[in-house]
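Structure at a glance
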Amino acid sequence: MNTTLFLFVLAALVATASAYQPLAKAPTAFKPVSRLTPVEAPTSKPVPSAALAGAFTSLAPLAAHADTVDESQVIGLGVGLVACIVSLAVGFTIGYGTLTKP
């Protein structure tokens, strides 16, 4: 039993230590992709329908109960939305390594 536990802890320690090693070589920059055929710019500006639908869907409960909604609930929803977006942005920048110094 002690040998199994020791091997498990040793494997976890090695996996954790190797996860934080620096990269062997620096990541290379992306090379621009050349297209075979030129792409024409769209003539009209596209409407972000999915973003508008999501915003209106999230505001539907407020519209349904507009008589009982006070200012603190609206502020709380706004703060929660901002916190969610900021946490996702920081998570993606850490995940893609843009916050690390070269």
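Structural data are supplied above this passage.
Residues numbered from 1 in each chain as written. Predicted model: local features only at pLDDT ≥ 70, side-chain atom pairs only at ≥ 80, totals over all residues. Heavy atoms only, no water.

1. Quick word on the overall build of the protein chain
The secondary structure content of the protein chain amounts to three helices and zero strands. The helix and strand sequence of the protein chain, counted from the amino end, reads α-α-α. The 102 residues of the protein chain split such that 0% are buried. Put simply, the protein chain shows about 10,000 Å² of open surface, and 71% of that area lies on carbon and sulfur atoms. (Helix = DSSP H or I, 4+ residues; strand = E, 2+ residues; numbered from the N terminus. Buried < 20%, exposed > 50% of the residue type's maximum accessible area, 1.4 Å probe, protein only. Areas by Shrake-Rupley, 256 points an atom, 1.4 Å probe, with all protein chains shown as cover.)

2. Focus on a nonpolar patch on the surface
Taken together, the side chains of Phe6, Leu7, Leu10, Leu13 and Val14 define a hydrophobic patch exposed on the protein surface, amounting to about 510 Å² of accessible area. Given a relative accessible area of 54%, phenylalanine 6 falls into the exposed group. (Patch = residues over 30% accessible without salt bridge, like charges linked within 9 Å, V, L, I, M, F, W, Y side chains within 5 Å. Salt bridge = Lys/Arg side-chain N within 4 Å of Asp/Glu carboxyl O.)

3. Concerning helix H2 (residues 49-64)
For H2, with 16 residues, the first-to-last C-alpha span of 22 Å sits near the 22 Å given by 1.5 Å per residue. The largest bend in H2 is about 35°, located at serine 58, with the proline proline 61 one to four residues further on. (Expected span 1.5 Å × (residues − 1). Bend = angle between axes of the 7 residues up to and from the residue.)

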